[in-house]
Amino acid sequence: MFTGIITDIGFIERVEALADTRVLIRTSYDTATIDLGASISCSGVCLTVIDKGPGWFAVDVSGETISRTAQGQWTQGRRLNLERALRLGEELGGHIVTGHVDGIGEVVSVIEEGGSRRVRIKAGPEIAPFVAPKGSITLDGVSLTVNEVEDSPHGVTLGVNIIPHTAAVTTFGSLAAGDPINIEIDVLARYLQRMEHYRAKA
């Protein structure tokens, strides 16, 4: 479980085609404190540490994961938003994030707005029912508040504000129109939808 508060920007140093895709990620984390088998969120994807060394750790990315995450994410040189798993007693600074991608969106526009950036993202109809103004959403592992929602026959366009601090400590500083982005809906919205499904059947 994660909070969506990014604590490092890693980058993919090497990609190896094994049974799964093995990815070596450079990090500023003290990897001596990371156990093998630990979970780390990599741009919103919960992955298991299978090897490590000073300044790096490795994960295996399955074909299923690659097919369900942003295109081009698992390539050499790619920067990733990193977050270590939440520990009992730590502050929940963002919202509850599971590290399971629900859909892939596309950045429509990035517009300077005061000192911040307004980012608009379009997503498919599978995401639309779970997005609400002032609700929570996770984009590439970052916990954000939805500021605008525009429904369409093909899905939804949502808007978020990226403050300068968030742009500086995540990969969002280089976000541009056309970029694919991993989306995780609010876990509470997911359970409410499931409850409503069974209520309707009763």
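Our subject is the structure that appears above.
Residues numbered from 1 in each chain as written. Predicted model: local features only at pLDDT ≥ 70, side-chain atom pairs only at ≥ 80, totals over all residues. Heavy atoms only, no water.

Participant: Could you give me a rundown of the packing of aromatic side chains, with the residues and numbers involved?
Facilitator: By the definition in use, this model includes zero aromatic pairs. Lying across the ring of Y29, R84 places its NZ or CZ 5.9 Å from the centre. (Phe/Tyr/Trp six-rings, centres within 6.5 Å; stacked < 30°, edge-to-face > 60°. Lys NZ or Arg CZ within 6 Å of the ring centre and 35° of its normal.)

Participant: Report on the environment of D102, specifying residues and quantitative values.
Facilitator: Mapped onto the fold, D102 is located in the loop between strand 6 (79–84) and strand 7 (103–113). On a C-alpha basis, the gap between D102 and V45 in space is 10 Å, while along the polypeptide they are 57 residues apart. A distance of 2.9 Å separates a polar atom in the side chain of D102 from the backbone nitrogen of I185. (Helix = DSSP H or I, 4+ residues; strand = E, 2+ residues; numbered from the N terminus. Polar contact = N/O pair within 3.5 Å; in protein donor to acceptor, adjacent residues only side chain to side chain.)

Participant: An account of the nonpolar core is requested, with residue identities and associated values reported.
Facilitator: Grouped together as the largest cluster of nonpolar side chains are 25 residues, with contacts concentrated most on I121, I137, L139, L144, F172 and I183. Those elements that place two or more of their residues in this core are strand 8 (116–123), strand 9 (136–139), strand 10 (142–145), strand 12 (155–162) and strand 13 (180–185). For this core, the element with the highest residue contribution is strand 12, accounting for four residues. Core analysis: the next-biggest nonpolar cluster, separate from the first, contains 16 residues, I12, V45, W74 and L80 among them. (Core = buried A, V, L, I, M, F, W, Y, C linked by side-chain atoms within 4.5 Å. Buried < 20%, exposed > 50% of the residue type's maximum accessible area, 1.4 Å probe, protein only.)

Participant: Which residues make up the sheet that holds strand 13, and what values do they have?
Facilitator: Judged by pairing direction, the sheet is antiparallel, and its seven strands sit side by side in the order 10-9-13-7-8-12-11 without closing on themselves. Unpaired on one side and paired on the other, strand 10 and strand 11 (148–152) mark the two borders of the sheet. Across the sheet, the mean angle separating the axes of adjacent strands is 35 degrees when strand polarity is ignored. Two strands pair when backbone bridges link them, and strand 8 and strand 12 are joined in this way by seven bridges, in the antiparallel orientation. Bridge pairing in strand 12 places R120 opposite G159. (Pairing = 2+ DSSP bridges. Axes fitted to C-alpha atoms, helices over the stretch in contact; angles between N-to-C directions.)

Participant: Describe in detail the side chain of S116, supporting the description with residues and values.
Facilitator: Tracing the backbone through its elements, the reader meets S116 in strand 8. Look past the residues within four positions of S116 in its chain and what remains in contact with it is I111, I162, I163 and P164. (Contact = heavy atoms within 4.5 Å.)

Participant: How would you sum up the environment of A123? Please name residues and give values.
Facilitator: The topology assignment puts A123 in strand 8. A C-alpha to C-alpha distance of 30 Å links A123 and T27, two positions 96 residues apart in sequence. Once you skip the residues sitting within four places of it in the chain, A123 turns out to touch H154, G155, V156 and I183.

Nothing here speaks to function; it is geometry throughout.
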